[in-house]
Amino acid sequence: MGVQILGLCSPTPAAWVHVPETRNKSLPTAALATTASLSSPPPTIQVVGGKTPSWNGNVNYNSSVPVDGFVGDADWVDLDTDLYYWTKDLRPVQWYPGHIAKTEKELKEQLKLMDVVIEVRDARIPLSTTHPQMDLWLGNRKRILVLNREDMISKADRNAWANYFSRQGIKAVFSNGKLGMGTMKLSRLAKSLAAGVNVKRRAKGLLPRPVRAGIVGYPNVGKSSLINRLLKRRMCEAAPRPGVTRELKWVRFGKELEFLDSPGIIPMRISDQSAAIKLAICDDIGERSYDVVDVAAILVRMLTMIPSVGVKALHNRYKIDADEHIFIQKLAVHLFNGDTHQAAFRILSDFRKGKFGWVALERPPR
């Protein structure tokens, strides 16, 4: 069943978004397998921090009071299932700029020189910002997993992810690359993990050298901002959009540590379109790769299903009474003379700025 965004005297063409109604079906086996493969970090990952989650896993959708902004396990399974069906008939989201292929080849060569690798993910979507080939590239090399943008998710979200990694014998570094939280802990961990490098060099009669740490991850997850905060000066170009960093660059942190800033690496083809939509919502993929109205329409549907946001938060923000099926079109008429593209971009921008509160779009797999 498709959902039409009604054309109400709009100067732009009428916008259609195929968003099927909620289905009481299990997520297809292939989709579950994809999620599982993206969410199983190898035992070589090292992460610091983490607490026991405070949520109880049971949320009453009929209640007006959310439980610390979190959704229960069963509700997230339903949301993930719905998202899979909502994306089936949309134009596929694919983005692979020419510089990424060149960078990927160079990065694989530089990996041989690294003592430790720092993999940065977006804390709002840790699974969707996991490169499917990363484990293969790094092998048994020591790794640190960083969930950046901790300030953009709730305490309950952070606790749930910390608990997820803890159950696998992993602890997590949560960081805020803009404000610098977690950076000192990260530098200490990188040095400690690679301490054996100079022990071996001294045994061979060689002089000690700085520990080499490569920072890798998807576009716009905050790699360059994290390095700038570590260095306490702007050494790497950083901006709130994907594709700013286009070349590999080594930078020195004191006498003991060197960082390799790398451009965002993303698969040539994204097979999991649910993940691709979340990348688009969080601005972790180039804007030219997706239809803004399609993505915003799905975001509205997702927000209405999350108790800490819901229809009430959308009404409070835009002063519009409309269900999610025609929300974008009504907002376009209300604020943008019928321009659905501007209305859709406003919704995405407001989510990215936390105007609906800080909430993750992914939940740890059960």
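For the structure itself, consult the block above.
This one's a predicted model, so the numbers in the text were calculated from it and none came from an experiment.

A.B. asks: Go over the overall build of the protein with me, naming the residues and quoting the values.
C.D. replies: Counting its secondary structure elements, the protein contains 13 helices and 9 strands. Sequence separation of at least 24 residues holds for 74% of the intrachain contacts in the protein that already meet a minimum separation of 6. Only carbon and sulfur atoms are counted for the fraction: they give 51% of the accessible area of the protein, which is about 16900 Å².

A.B. asks: Pulling in residues and values, what's your account of the nonpolar core?
C.D. replies: Among the nonpolar cores identified, the biggest contains 83 residues, and Ile 118, Ile 144, Phe 259, Ile 281, Ile 285, Phe 327 and Phe 351 are the most heavily contacted of them. Per-element tally for this core: the top contributor is helix 10 (residues 292-305), with 11 residues. When residues no more than four places from it in sequence are discounted, the contact partners of Phe 259 are Ile 118, Ala 213, Ile 215, Ile 227, Leu 230, Lys 249, Trp 250, Val 251 and Phe 253. The next biggest cluster of nonpolar side chains, apart from the first, holds 12 residues, and it includes Leu 127, Leu 145, Leu 147 and Ala 172.

A.B. asks: Lay out helix 6 (residues 183-193) with the relevant residues and their values.
C.D. replies: Restricting attention to buried positions, one finds in helix 6 the residues Thr 183, Leu 186, Ser 187, Leu 189, Ala 190 and Leu 193. When helix 6 is viewed along its axis, its buried side chains cluster within an angular range of 165 degrees and face the same direction.

A.B. asks: Give a description of the packing of helix 10 against helix 13 (residues 340-352) that names residues and reports values.
C.D. replies: Between helix 10 and helix 13, the shortest axis-to-axis distance is 9 Å and the interhelical angle comes to 50 degrees. With respect to each other, helix 10 and helix 13 are oriented oblique. Seen from above, helix 10 lies across helix 13 with left-handed handedness. Residues Val 292, Val 293, Val 295, Ala 296, Leu 299, Val 300 and Leu 303 of helix 10 form the contact with helix 13, whose own contacting residues are Thr 340, His 341, Ala 344, Phe 345, Ile 347, Leu 348 and Phe 351. Its residues assigned to classes, the contact of helix 10 with helix 13 comprises 12 nonpolar, 2 polar and no charged.

A.B. asks: Explain the packing of helix 12 (residues 327-335) against helix 13 residue by residue, including any values.
C.D. replies: Helix 13 packs onto helix 12 with a crossing angle of 105 degrees between their chain directions and a minimal axis gap of 8 Å. Viewed along their axes, helix 12 and helix 13 adopt a mutual orientation that is roughly perpendicular. For the pair helix 12 and helix 13, the contacting residues are Phe 327, Ile 328, Gln 329, Leu 331, Ala 332 and Leu 335 in the first and Thr 340, Ala 343, Ala 344, Arg 346 and Ile 347 in the second. Class assignment of the residues belonging to the contact of helix 12 with helix 13 gives a composition of 8 nonpolar, 2 polar and 1 charged.

A.B. asks: Explain helix 3 (residues 98-110) to me, using residue names and the numbers behind them.
C.D. replies: Between its terminal C-alpha atoms helix 3 stretches 19 Å, which fits the 18 Å expected from 13 residues at 1.5 Å a residue. All of the buried residues along helix 3 are His 99, Ile 100, Thr 103, Glu 104 and Leu 107. On its buried face, helix 3 is in contact with helix 4 (134-138), strand 7 (211-217) and strand 9 (257-261).

A.B. asks: Describe in detail the pairing of strand 5 (residues 143-148), supporting the description with residues and values.
C.D. replies: Among the 6 residues of strand 5, 6 are classified as buried, and the element is accordingly described as predominantly covered. Bridge analysis of strand 4 (residues 116-122) against strand 5 gives 6 bridges, and the strand direction is parallel. Directly across from Val 120, in strand 5, lies its bridge partner Val 146. Where strand 5 meets strand 6 (residues 173-175), 3 bridges bridge the pair, whose relative direction is parallel. When the bridges of strand 6 are listed, Leu 147 appears paired with Phe 174.

A.B. asks: Could you give an account of the side chain of Ser 289, naming the residues involved and the relevant values?
C.D. replies: Mapping Ser 289 onto the fold places it in the loop between helix 9 (273-281) and helix 10. In this structure Ser 289 touches Arg 91, Pro 92, Val 93, Gln 94 and Trp 95, once residues within four positions along its chain are discounted.

The rules we used
- Residues numbered from 1 in each chain as written.
- Predicted model: local features only at pLDDT ≥ 70, side-chain atom pairs only at ≥ 80, totals over all residues.
- Heavy atoms only, no water.
- Helix = DSSP H or I, 4+ residues; strand = E, 2+ residues; numbered from the N terminus.
- Contact = heavy atoms within 4.5 Å.
- Areas by Shrake-Rupley, 256 points an atom, 1.4 Å probe, with all protein chains shown as cover.
- Core = buried A, V, L, I, M, F, W, Y, C linked by side-chain atoms within 4.5 Å.
- Buried < 20%, exposed > 50% of the residue type's maximum accessible area, 1.4 Å probe, protein only.
- Arc of directions from axis to C-beta.
- Axes fitted to C-alpha atoms, helices over the stretch in contact; angles between N-to-C directions.
- Parallel < 35°, antiparallel > 145°, perpendicular 65-115°, else oblique.
- Left-handed = near helix turned anticlockwise from the far one by under 90°.
- Nonpolar A, V, L, I, M, F, W, Y, C, P; charged D, E, K, R; others polar.
- Expected span 1.5 Å × (residues − 1).
- Pairing = 2+ DSSP bridges.

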